[in-house]
Amino acid sequence: MRRFAGTLRKGWQTGICVWNMNIPNHVAIILDGNGRWAKAKGMPRTYGHTKGCDNLEKICYVARDVGIKYLTVYAFSTENWKRSPDEVNALLRLFRRYLKKCIKSSEENQMRVKVIGDTTAFEPDLQESIRRLEDFSKDYDRLYFQIALNYGSRDEMTRAVGRLARDMKDGRIEGPVTEEMIGSYLDTAGVPDPDLLIRTSGEQRLSNFLLWQLAYTEFYFTPVAWPDFHKKELLEAIRQYNDRDRRYGGVKE
Ligand code: FPP
């Protein structure tokens, strides 16, 4: 069990004491509710995405401060292309801006950034921004931040199985196929499975996110929309995670 190991900077303001809490090694978040949050304020959905983006930047600092080692967020799914062209274009513009700004926050957070998903669907300049950010941050190790863009778990598994089958046919690997082997072909290869999954905004489903990796993950659903999910809400999720009894299919005496 890993105890809180970060600084206590601003830690007490939330009313939740992180001291002596078991901090999940890997937290995954489905960033949901931007559109409804904006609509409730009489604003366009894209305003919600912009605020969601600002919040993501802040949550990375919080994650670093409390000692989370891996953070994975679902920002754009393989199904999100079905949205209106206006909304998709606004999201792509936001990603472009965010990936550039993220260079600075990766340095400040000593945060390694990796994008998971099929990025070949993006325009070359966006792919280049992704490469630049991944390359710039590759030696940082305080926080490992994965952003899922054009990500779908079934698509990830399909791509993985395709590559695995090709490698086996070409003699680069030998059978039998094991769980570890499959894991090493996924976009998340080398990253431990999430301990805690958070979905904001009241929906209680996985929406094709990390289906393989979440096999033994604890789930936390909150009605709070993503733009309003701040440090206090994250610490509450971690507090509730501390009350869970993780048995991984076994029995505790
Ligand atoms: C789901 O909420 C959210 C998205 C499809 C986009 C999430 C994107 C961000 C938070 C922008 C920042 C991310 C990066 C990596 C720059 P929704 O808009 O579907 O909300 P709704 O369910 O209320 O419609």
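In this text, all values refer to a predicted model and were calculated from it rather than measured experimentally.

Chemist: Mind laying out the sheet that holds strand β3 (residues 111–116), listing which residues take part and the relevant values?
Modeler: Across a sheet, strands are paired by hydrogen bonds formed along the backbone, either parallel or antiparallel in direction. With parallel pairing, the 6 strands of this open sheet are ordered in space as β3-β4-β2-β1-β5-β6. The open sheet terminates on both sides in strands that have one partner only, identified here as β3 and β6 (218–221). Looking at each pair of strands side by side, their axes are set apart by 20 degrees on average, direction ignored. Relative to β6, strand β5 (residues 196–199) is paired through 4 bridges, and the arrangement is parallel. Of the residues in β6, the one forming a bridge with Ile-198 is Tyr-220. Across the face of the sheet, helix α7 (residues 231–242) comes into contact with β5 and β6 while running at roughly 135 degrees to β5.

Chemist: How would you sum up the nonpolar core? Please name residues and give values.
Modeler: Membership of the largest hydrophobic core comes to 47 residues, with the highest contact counts inside it found for Ile-29, Ile-68, Leu-71, Phe-145, Ile-198 and Ile-238. Not counting residues up to four positions away in its chain, the partners in contact with Leu-71 are His-26, Val-27, Ile-29, Ile-59, Cys-60, Ala-63, Leu-143, Tyr-144, Phe-145 and Gln-146.

Chemist: Before we move on, can you summarise the pattern of salt bridges with the specific residues and values?
Modeler: Tallying each qualifying case throughout the model produces 20 salt bridges. Here Glu-203 makes a salt bridge to Arg-36, at a shortest N to O gap of 3.2 Å. Placement of the pair is Glu-203 in the loop between β5 and β6 and Arg-36 in helix α1 (residues 34–40), with a sequence separation of 167 residues. Assessed through its relative accessible area of 21%, Glu-203 is described here as partly exposed. Between Arg-96 and Asp-125 there is a salt bridge, with the nearest N and O atoms lying 2.6 Å from each other.

Chemist: I'd like a rundown of the confidence of the model for the chain, residues and numbers included.
Modeler: When the pLDDT values of the chain are averaged, the result is 94; 94% of them are 70 or greater. Confidence drops under a pLDDT of 50 for residues 5–11, and excluding neighbours within four residues, the segment shows 12 contacts in the predicted structure.

Chemist: Before we move on, could you go through the packing of helix α3 (residues 85–109) against helix α4 (residues 124–136) and cite the residues and values that matter?
Modeler: Between α3 and α4, whose axes approach to 10 Å, the crossing angle comes to 15 degrees. Considered as vectors, α3 and α4 are oriented roughly parallel to each other. Crossing hand, α3 versus α4: left-handed. The segment α3 lies against α4, with Leu-92, Phe-95, Arg-96, Leu-99, Lys-100, Cys-102, Ile-103, Ser-106 and Glu-107 engaging Asp-125, Leu-126, Ser-129, Ile-130, Arg-132, Leu-133 and Phe-136. Looking at the contact of α3 with α4 residue by residue, the class counts come to 9 nonpolar, 2 polar and 5 charged.

Chemist: Please set out the site of the ligand residue by residue, giving values where relevant.
Modeler: Among the 19 residues in the neighbourhood of the ligand, the closest are listed as Leu-31, Arg-36, Arg-45, His-49 and Arg-83. Here an oxygen atom of the ligand and a backbone polar atom of Gly-35 are 3.2 Å apart. In this structure, Arg-45 approaches the ligand through a side-chain N or O atom, which is 2.9 Å from an oxygen atom. At the level of elements, α1, α2 (45–66) and α3 are the ones that each hand at least two residues to the shell around the ligand. Top element by residues in the shell around the ligand is α2. It accounts for 5 residues.

Conventions we followed
- In this convention, every chain numbers its residues from 1, walking through the sequence in written order.
- Local features in this predicted model are restricted to residues whose pLDDT is 70 or higher, and side-chain atom pairs enter the listing and the counts only when it is 80 or higher, whereas totals over whole chains, interfaces and linings include all residues.
- Neither water nor hydrogens contribute to the side-chain values; these are computed over all heavy atoms in the structure.
- Only strands that DSSP links by at least two bridges are regarded as paired with each other.
- Going along the chain from the N terminus, every DSSP run of H or I of four or more residues is numbered as a helix, and every run of E of two or more is numbered as a strand.
- Lines fitted to C-alpha atoms define the axes, with helix axes restricted to the stretch in contact, and inter-axis angles between N-to-C directions lie between 0 and 180 degrees.
- What makes two residues a contact is simply this: any of their non-hydrogen atoms within 4.5 Å.
- Put simply, a nonpolar core is a bunch of buried Ala, Val, Leu, Ile, Met, Phe, Trp, Tyr and Cys residues held in one set by side-chain atoms that sit within 4.5 Å of each other.
- The buried label goes to any residue with under 20% of its type's maximum accessible area, the exposed label to any with over 50%, and the partly exposed label to all in between, with areas taken from a 1.4 Å probe on protein chains only.
- Salt bridges are defined as contacts in which a side-chain nitrogen from Lys or Arg sits within 4 Å of a carboxyl oxygen from Asp or Glu.
- What pLDDT reports is the predictor's confidence in each residue, on a scale of 0 through 100.
- Reported orientations rely on four angle classes, namely roughly parallel under 35 degrees, roughly antiparallel over 145, roughly perpendicular from 65 to 115, and oblique for the rest.
- Left-handed describes a crossing in which the near helix is turned anticlockwise from the far one by less than a right angle; the clockwise case is right-handed.
- Throughout this entry, Asp, Glu, Lys and Arg are counted as charged residues, while Ala, Val, Leu, Ile, Met, Phe, Trp, Tyr, Cys and Pro are counted as nonpolar. The remaining residues, Gly among them, count as polar.
- Near is defined per residue: the residue qualifies when any heavy atom it owns lies within 4 Å of the molecule or strand.
- Whenever a nitrogen or oxygen atom comes within 3.5 Å of another N or O atom, the pair is scored as a polar contact, on the condition that within protein one atom can donate a hydrogen and the other can accept it, and that pairs from neighbouring residues in sequence are kept only if both atoms are in side chains.

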